[in-house]
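# Results of the structural survey
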Amino acid sequence: MSVDVEQRAAQLREQLHHHGYRYYVLDDPEIGDDDYDRLLDELRAIEAANPELVTPDSPTQRVGGEPVSSLPKVQHEIPMLSLANARSEEELRAWVARMRTHLAREGIEDPQFQFVAEPKIDGLAISLRYEEGVLVRGATRGNGEIGEDVTHNLRTIPTIPLKVDDAPPVLEVRGEIYMSLKDFAGLNERRAEAGLSTFMNPRNAAAGTIRQLDPRLARERPLSMWSYGIGRVDGIQFKGHWEALEWLREHGFRVNADVRRLDSDDEVVAQCLAWQERRGNLDFEIDGVVVKVSDLELQRRLGVVGRDPRWAIAWKFPPTTKVTTLKDIMWNVGKFGDLHPFAVLEPVHVGGVTVKLATLHNEEDLARKDVRVGDDVIVLRAGDVIPQVLSPAPHATERPDRADAPRPPEHCRTCGTKTVKPEGSVFTKCPNQLCPERQWQLLKHFVSRGAMDIDGLGEKQVGQLQQAGLVRTAADFYRLTPEQLSELDGYAAISARKIVDNIAASKERGFGHVLFAIGLEEVGFVTGRNLAQRFRTIDALLAASAEEIEGTPGVGPKMAQRIHEQLAEPQLRALVEDLRAVGVSMALEGPPAGEGPLAGKTFVLTGTLPDLTREQATERIEAAGGRVTSSVSKKTDYVVAGATPGSKLEKAERLDVAVLDEAGLLALLP
Ligand code: IVH
């Protein structure tokens, strides 16, 4: 290979970087698409003939990566925080006042705030890590502490630089991945034409794409990124957030051009209202404005409360409503057989998404609202919540030919069983325990987060498995084979094996999770855990009287009675036996509550520990017989404080409660 070829490849890479940046980031191309493609083709040809010349930051590397078999977890070095909300001008001003009070206590009187106001993009947060200027890893926010490695998909996004000139040795850039409204509409149109399901909204489309294993999907779906901050950075000291944004902009990242620096609450309020006005004219969805204190030293002094920085706030736009026609009222079956009314609507665009279905909550609510089939109704969508029907439109109730008030069906829409309305219940019910829709809800709940948490199984897959006759009760999941799964639509051989592994791993999720997962009325996650703590094994729980169950924290007499009744039902017993037979663990390990070295000791966790996540620390403390609670009182024995602790640490100091760091906690553990 001649030096010339090597030089030419480097030159092409430079040119392509430059023109890609002009086109995607600045939206201001200097050359036409054909010229760009010609340069890219030439580089591809050189790289094909000389594979050793391919660099990870080459523009050819945006496409065609290999599928990955899983999304490894990534621990964020600096937690990715969330934001407190302000819903009115008063709340926004109160936030500024709170910061002043806090800083005054720190000895800073009358701080001169500079604020930065940015659109709050309705997408998903990610973190990009660059080493020596080359993108080495991209991860989702996840729970803020731990996200997932989605580098393979992020590389395909043209507004994400693969390399950064004059970069510090380590740089972490944060921002939001989103799909523009135009691209979203185009994607859904293509999917509908191809007979595929369409996405609910741009955010779902973006989030669903980013977590795919095969990057070819991401490449075909038009995603984009707005950068809004820097996480870890070595070797550059920024004065403020504003300067950090400027630096990002100068180094090839896409920063919104309408981000403003402001000097007073009045200016901030005016800017928030201005964004609210513009909201409908943007080509991407925003659900508010993020206001941040720029000065990084002030940010540090202000610190974090829980997961929210004191120095930033999200101004949330008021919910959006629209009027449309109620075409039908239908009733779905919940996991306990209760019928829930929902509205079938003439599709309507509300707050950036098309709404076709909306909840009507329950019969009482439906009667109170007095909406009828054929009425024009007011539909509300607020942020992330499920769209709901608020009321009839003002004149709808005066129509002479108005339909009768809706009533729950006499027969279940799925299994045809005659419905019943038990004494004292607000719900009409499908009494058939084997109703497929009811089972679907139960199975969906079984695999969900917090329950058995089986990655790769969601409502669609559960429905598919049910219809294929492979899964009837939850125990059937554990009998699935990779071969059975790979015969179904949408399961490549690798993913089928992976899902079977995930299912098997869930056998050890823990007794508390199982009690929540099997779907007992009244038993949420916390009660499941408390029951597990108290009874230790499923056999002890099944043998317990209602009175004994009542001794569990948080369980009153009525609830205990209801739990006891359900545990006696033959079908539940059969499920438990079946789960036992397939090897699901239903006993707690470690000493019972009240035994172990930390017996009787109460802990509160605050801030981010260097090594343990909050869940891990809780598990370790509980395994040693201790208890973890959420608020500090005189009864608290220890507060374990990590980086950026919240007000709990202040309270501990005030109440003279012992404060430990992670090392101190580890020293107490066996
Ligand atoms: S800053 C201060 N800036 O909002 C730390 N977040 O509620 C919080 N978001 O997870 C992040 N636009 O997904 C920030 N300009 C913006 C944002 C933004 C959208 C999202 C982000 C984050 C969530 C926090």
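Description of the structure in this document. Owing to the predicted nature of the structure, the values given are computational and were not obtained by experimental measurement. (Residues numbered from 1 in each chain as written. Predicted model: local features only at pLDDT ≥ 70, side-chain atom pairs only at ≥ 80, totals over all residues. Heavy atoms only, no water.)

## Thoughts on the site of the ligand
For clarity, the cut-off: If a single non-hydrogen atom of a residue is within 4 Å of a molecule or strand, that residue counts as near it. In protein, a polar contact means a hydrogen-donor-capable atom and an acceptor-capable atom, both N or O and within 3.5 Å, with residues adjacent in sequence counting only if both atoms are side-chain atoms; elsewhere, any N or O pair within 3.5 Å suffices. Here the open area of atoms and residues is found with the Shrake-Rupley method and a 1.4 Å probe, where only the protein chains shown may cover a residue. What counts as a helix is a DSSP run of H or I of at least four residues, what counts as a strand is a run of E of at least two, and both are numbered from the N terminus.
Taken together, 15 residues form the shell around the ligand, and within it E118, I121, A125, E176 and K292 come nearest. Between E118 and the ligand, the recorded distance is 2.7 Å, taken from a side-chain N or O atom to a nitrogen atom. The separation between a nitrogen atom of the ligand and a polar main-chain atom of I121 is 3.1 Å. Protein chains shield 88% of the accessible area of the ligand, which is 510 Å² for the free molecule. Contributions of two or more residues to the shell around the ligand are made by β3 (115–121) and β10 (286–293). Here the element with the most residues in the shell around the ligand is β3; it accounts for four residues.

## Quick notes on helix α3 (residues 89–105)
Put simply, the test is: In this analysis, the expected span of each helix is defined as 1.5 Å times one less than the number of residues it contains. With a 1.4 Å probe rolled over the protein chains alone, any residue whose accessible area is under 20% of its type maximum counts as buried; one over 50% counts as exposed, and the rest are partly exposed. Picture the helix axis, draw a direction to every C-beta atom, and the arc is the one those directions span.
End to end, α3 covers 25 Å across 17 residues, agreeing with the expected 24 Å (1.5 Å per residue, within 8%). Along α3, the positions that sit buried rather than exposed are L92, W95, V96, M99, H102 and L103. Relative to the axis of α3, the buried residues are bounded by an arc of 125° and lie together on one face. Every exposed residue of α3 that faces more than 90 degrees away from the buried side is listed here: E90 and R105. Taken from the residues just after α3, G107 is the one with a positive phi, measuring 90°.

## Details of the environment of V259
Going by this rule: Contacts were defined at the residue level, with two residues in contact if any of their heavy atoms lie within 4.5 Å.
If you trace the backbone, V259 turns up in the loop between α8 (241–250) and β9 (260–262). Note: C-alpha distance between V259 and Y228 (31 residues apart in sequence) is 9.6 Å. Dropping the residues within four chain positions of it, V259 is found in contact with V116, A117, E118, P119, W242 and L245.

## Quick look at the nonpolar core
Going by this rule: The definition of a nonpolar core used throughout is a set of buried Ala, Val, Leu, Ile, Met, Phe, Trp, Tyr and Cys residues joined through side-chain atoms within 4.5 Å.
Judged by nonpolar contacts, the single largest core of 50 residues is most densely connected at F446, F477, Y478, I518, I549 and L579. Those elements giving two or more residues to this core turn out to be α12 (436–447), α13 (459–467), α15 (493–505), α16 (511–517), α17 (525–535), α18 (538–543), α20 (557–568) and α21 (570–581). The greatest single-element share of this core, amounting to five residues, is contributed by α16. Not counting chain neighbours up to four residues away, the residues in contact with F446 comprise A451, M452, D453, A474, F477, Y478, A517, I518 and L579. Among the nonpolar cores identified, the runner-up in size contains 34 residues, and Y130, V173, L187 and F199 belong to it.

## With respect to the sheet that holds strand β20 (residues 627–629)
Where we set the bar: Strand pairing follows a simple DSSP-based rule, namely that at least 2 bridges must link the two strands. Axis definition: a line fit to C-alpha positions, over the contact stretch in the case of helices; interaxial angles, taken between N-to-C directions, run 0 to 180 degrees.
Taken in spatial order, the four strands of this open sheet run β20-β19-β21-β22, and their pairing is parallel. Only two strands of the sheet have a single neighbouring strand rather than two, namely β20 and β22 (658–660). Geometrically, the sheet is characterised by an average inter-axis angle of 35° between neighbouring strands, direction not taken into account. Two strands pair when backbone bridges link them, and strand β19 (residues 602–606) and strand β21 (residues 638–641) are joined in this way by four bridges, in the parallel orientation. Directly across from F603, in β21, lies its bridge partner Y638. Along the sheet, helix α22 (residues 614–623) makes contact with β19 and β20, crossing β19 at roughly 170°. Where helix α23 (residues 647–655) meets the sheet, it contacts β19, β21 and β22, and its direction lies at approximately 135° from that of β19.

## Notes on the sheet that holds strand β2 (residues 85–86)
The strand order across the open sheet formed by five strands is β2-β13-β10-β3-β9, and the pairing between neighbours is mixed. Single-partner strands in this sheet number two, and they are β2 and β9. Relative to β9, β3 is paired through three bridges, and the arrangement is antiparallel. By the bridge assignment, A117 is partnered in β9 with R260.

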